[in-house]
Structure formats: structure tokens, C-alpha cells
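A closer look at the structure
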Amino acid sequence: MSKPNFALLKLFITGPTYIRDEIKEAGRLPEFGHRDAENDLRFAPIRENLRKLAGCGDDYEPILCLGSGSTAMEASVRSLVAEGETILNVSVGAFGDMYYNLADHNGKKSENLKFDYGQAIDLNVLEDKLKELKPDLVSFTHNETSTGVVNDMKATCELIRAHGAMPIVDGVSIFGGADLDLSNSGAAMYSTATQKALALPAGFGIGFVSGEAEEKAAKVTNKGHHHDITKHLGRARKNQTLTTPNCTLANQMYVQLDHIVNVEGIENRFNRHIEMRGMVEKWVAGLDGFEMFAPEGYRSPTVSTVLCPAGVTVTQLKKGVKEALRGGGYLMDPGYGKLNAALEEAGRRLVIRVGHMGDIMPDMLGEYLGKLEVELKKL
Ligand SMILES: *Cc1c(COP(=O)(O)O)cnc(C)c1O
């Protein structure tokens, strides 16, 4: 076989994320049959450790859907919005818009309440919308990856429930990097994925399904097959997946979740993410002309966004800074494409992102910020 000419880059983007060697090696563990007793040896501990990481005990049932984060999100929409019902989506960026599109493209009666880039959900504005629309469900993004804004999940779910609607949450880019306290979050279903703060390859959409969501789904018709959480739950309770799982990823996930829970420790992992956010804030404070983009109090622990000086162009970031860092062995994030295109067109300052989630360590981040600073100072 000819050797492919692939560069080994350290990923400082927002997903997929950097994968440790131990996890790459875990890809060599034995393949197995997913309806055999060997399956249980992987998925029983995987599901148990997912519950620990979410802080949900037995209050939620974890399901693993072959696919990615949007597969679990689509399952939430297909399985929980009944015919004739209305779903309101609350968007603070590109991934918020995606949850709306998933509902819309599945023919659900849906509306999108949008906030400006860089803002968190304004609960007063949401409350007015809830009164006006009286939706049956509300979807929103916990951690908006395009803007680095984290919403207050508990307060948002509480408001939604006070207006008689069921909250469903996209937690794709934060699960595994922050304390969710899912049991007390108010979310009916919480969706996430493997390739972000869990630092695994992509391959499973993960859904945490409450008893309330399970009851609701039982009454919803036209859920399809792969997006039917009732079917997933039946298999999940036997520690199985609805369809053939990615067995390689299951082995890697077994090793990674055991590492997170029993070697690094969940508290340590969450604290490490907060520490890395602090490192970026401190670094930005010392960089002339640059500022944090997300407002204080709503800054994500997994992805930081940085406002560039006026006049910096998309071309400079994508062709100049990003390519220079590639030469140093790094994949830099020059900002969410659509967001920067819109900002540039409006004559507003552009935003770059620093992904610091999963298994990125503070010393790795420090080294990267040093290299990034050299390039940014050339602008
Ligand atoms: C990455 C991401 C998604 C999409 O997830 P996929 O795993 O690519 O399907 C959805 N929401 C958020 C917030 C994300 O960061």
C-alpha cells in the first residue's frame, strides 16, 4: 500500500478535536458482535459513565444513535413534536439555526427566535415570544459553537416550563467539558456527540432521554426508524444500539470514558476546561486591538471567540494566519465561515475561535496561543 501523505495537525478547531494516542490505539481492540454478550462489556460501562458525566443518575436514559450530534437532535424533533404541534427554536448563532432547520425540514410547524451574534438568550424576549406563540416544545443550544456563547440551561428550561412547553437542548459542543447537572436542568431531552469535548472520533449521536420524553414519544406518530427514540430506548435498556454500532468507536469510547471518570476525574476535567478559558481571556487581555467576543458570564468553557481589530479581513485570517500555523503543525480556526462572511459584509470586526475542549491540555493551549500570537501580530 502506498503511504498517504496526510499531515499530522494538532486540532485547535471546535470539532473534530484532538485525539490522544491511547485512544488511537484503542481502535485496535477486538471487533465484536453487537447482539452478542461481548457487546454488553462495552456498552454497559459506556452508558454508566455517560450518566456520571451528565450528572443524571437514572433520571435519563442514554441512547447512542449511529451518526453524529445532529442525528440525535433530529431524533428529538421527529420523536417529540406531534402532528399539529408547534415548536419554537431559540437561536443565538449558526447551530441554533440548524436546530430550527431540522424541525422545519421534517415538516414540523416551527418558528425561529433569533438573537444577534455574540448574545446569549434574553429571557425577557423569550418570555414575550412564549406568551405570543404558545409553543408545545422549545429547542435551544446550550453552547453555541459559532459564537462561543453558553446559555443558562436551567434558567431557560425553567422559563419554558413555566409556559407549559417542553424544552429540548442541543449540548453537542459542551458535553464532557462542563458540569451539566442534567437531573436538575429541566431538559426533556439533551443531545450531544462524540467528536467534541469527549475527544473521540465522530460516529455516535448521544441522546439523554427523560421519562417524560419517553412517554411523549410513545404517542408521537411518523417518527421514521433511525429517528425513533422509542425504538432506541428499547435497545438501549439492553445496552444495545438500534442499528449496527461503529465497533471501533465503541472500543475507543469504552477506554476514553473510563479514563475520564476513573483516571482524570470528572471534576478535574471540568475545572481544566474553565482554566483554559481563563488562559485565553488572560492572553487576549495582553493582545493590543483584540477583545473577547462573548459577553462575560456567558463565555463557553470549551470554545473561546476573539474579536479581531477593525480592518482585518477573512482572506488575511484564512490564507495568512491559518496557513502559517499549518506550517507549524496546527489547525487554526479562522472563525465560523458564515458568521465572518456576514460580519465582513456589514463592515463589522471579525471573530476567530480557539477550540480548547476535550483532551487539549493547558500546556498545549499555552504553546498554541504563543504561536498564534506571533501570526496575529503580523496583521
Ligand atoms: C458540531 C455541532 C453540531 C452538529 O453536530 P454533528 O455531530 O456535526 O452532527 C450541532 N450543534 C452544535 C452546538 C455543534 O457544535
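Everything here concerns the structure above.
Residues numbered from 1 in each chain as written. Predicted model: local features only at pLDDT ≥ 70, side-chain atom pairs only at ≥ 80, totals over all residues. Heavy atoms only, no water.

A short note on the sheet that holds strand β11 (residues 291–292)
The test is simple: When DSSP finds at least two bridges between two strands, those strands are taken to pair. Numbering of helices and strands runs from the N terminus; a helix is a DSSP stretch of H or I covering at least four residues, while a strand is a stretch of E covering at least two.
In space, the three strands of this open sheet follow the order β11-β12-β14, with antiparallel pairing throughout. Since the sheet does not close on itself, it has two edges, and those belong to β11 and β14 (351–355), each with one partner. Here β11 pairs with strand β12 (residues 303–307) via two bridges, running antiparallel. Residue Met292 lies in a different strand from β12, and its bridge partner there is Val306.

Things to note about the site of the ligand
Selection criterion: Residues are labelled near a given molecule or strand when at least one of their non-hydrogen atoms is within 4 Å of it. Whenever a nitrogen or oxygen atom comes within 3.5 Å of another N or O atom, the pair is scored as a polar contact, on the condition that within protein one atom can donate a hydrogen and the other can accept it, and that pairs from neighbouring residues in sequence are kept only if both atoms are in side chains. In short, Shrake-Rupley with a 1.4 Å probe defines the accessible areas, and a residue's cover is counted only from the protein chains shown. Gly is placed with the polar residues, together with every amino acid not listed as nonpolar (Ala, Val, Leu, Ile, Met, Phe, Trp, Tyr, Cys and Pro) or charged (Asp, Glu, Lys and Arg).
Neighbouring residues of the ligand: 15 residues in total, closest Ser68, Ser70, Thr145, Asp170 and Lys196. Between Ser70 and the ligand, the recorded distance is 2.5 Å, taken from a side-chain N or O atom to an oxygen atom. Surface burial for the ligand is 89%, taken as the share of its 380 Å² of free accessible area covered by protein chains. Elements with a contribution of two residues or more to the shell around the ligand: α3 (69–80) and α4 (94–105). Of the residues forming the shell around the ligand, the biggest block, three residues, is contributed by α3. Here the residues of the shell around the ligand sort into five nonpolar, eight polar and two charged.

Description of the sheet that holds strand β4 (residues 109–114)
Within a beta sheet, neighbouring strands are joined by backbone hydrogen bonds and run either parallel or antiparallel to one another. Note the threshold: For helices, the fitted line uses only the C-alpha atoms of the stretch in contact; every axis is such a line through C-alpha atoms, and the angle between N-to-C directions lies from 0 to 180 degrees. Contacts between residues were defined by any pair of non-hydrogen atoms, one from each residue, lying within 4.5 Å.
The sheet built from seven strands is open, its strands ordered β2-β10-β9-β8-β5-β3-β4 with mixed pairing. Strands at the two margins of the open sheet, each flanked by one partner only, are β2 (60–66) and β4. For this sheet, the mean angle separating the axes of adjacent strands, direction not counted, is 20°. Bridging between strand β9 (residues 189–193) and strand β10 (residues 204–210) involves five bridges; their strand directions are antiparallel. Within β10, the position partnered with Thr192 by the bridge is Ile206. Against the sheet, helix α2 (residues 37–54) makes contact with β2 and β10, and its axis sits at roughly 120° relative to β2, the strand it touches most. Across the sheet, helix α7 (residues 211–219) lies against β5 (137–141), β8 (166–170) and β10, angled at about 95° from β10, the strand it touches most.

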